[in-house]
Amino acid sequence: MTASRSLDLRGTPCPVNFVRCKLTLETMHPGDQLDVDLDRGEPEEMVVPGLRDAGHQVIVSGDDPAWVHLQVTCGG
């Protein structure tokens, strides 16, 4: 059974937003789902590649000009 968690990191500066994602994912199991709302711009540019480099699958969605939604599948 996979678990699902969510973080609303809108308004959270870099690198705090990446660190919070990473710490949350460390408490999760492979295949678990983390939903993250994140500001566009630098946060999106830093967090998405960082999570992918750490072995997690990241799907970016959302049409709001100010923020983006990430669907992160924990890679372990």
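Scoring rules and cut-offs
Residues numbered from 1 in each chain as written. Predicted model: local features only at pLDDT ≥ 70, side-chain atom pairs only at ≥ 80, totals over all residues. Heavy atoms only, no water. Helix = DSSP H or I, 4+ residues; strand = E, 2+ residues; numbered from the N terminus. Rg over C-alpha atoms; globule rule 2.2 N^0.38 Å. Pairing = 2+ DSSP bridges. Axes fitted to C-alpha atoms, helices over the stretch in contact; angles between N-to-C directions. Contact = heavy atoms within 4.5 Å.

Enquirer: Looking at this structure, how should I read the overall build of the protein?
Expert: Assigned secondary structure in the protein consists of 2 helices and 4 strands. Along the protein, helices and strands appear, N-terminal first, in the series β-α-β-α-β-β. Over its C-alpha trace the protein gives a radius of gyration of 11 Å, about what one expects of a compact globule, namely 11 Å for 76 residues. With the principal axes as the frame, the protein shows a C-alpha extent of 35 × 25 × 20 Å.

Enquirer: Explain the sheet that holds strand β3 (residues 57-61) to me, please; I cannot follow it from the model alone.
Expert: Reading across from one edge, β1-β2-β4-β3 is the order of the 4 strands in this open sheet, with mixed pairing throughout. Taken across any chain shown, the strands that pair with only one partner, and hence form the sheet edges, are β1 (4-8) and β3. Taking each pair of neighbouring strands and ignoring which way they run, the sheet shows an average axis angle of 20 degrees. Judged from the 5 bridges that link them, β1 and strand β2 (residues 33-39) form a sheet pairing that is parallel. Looking at the pairing, Ser6 lines up with Asp35 of β2. Against the sheet, helix α1 (residues 16-26) engages β1, β2 and β4 (67-73), with an angle of about 175 degrees to β2. Relative to the sheet, helix α2 (residues 42-53) contacts β2, β3 and β4, its axis offset from that of β3 by approximately 150 degrees.

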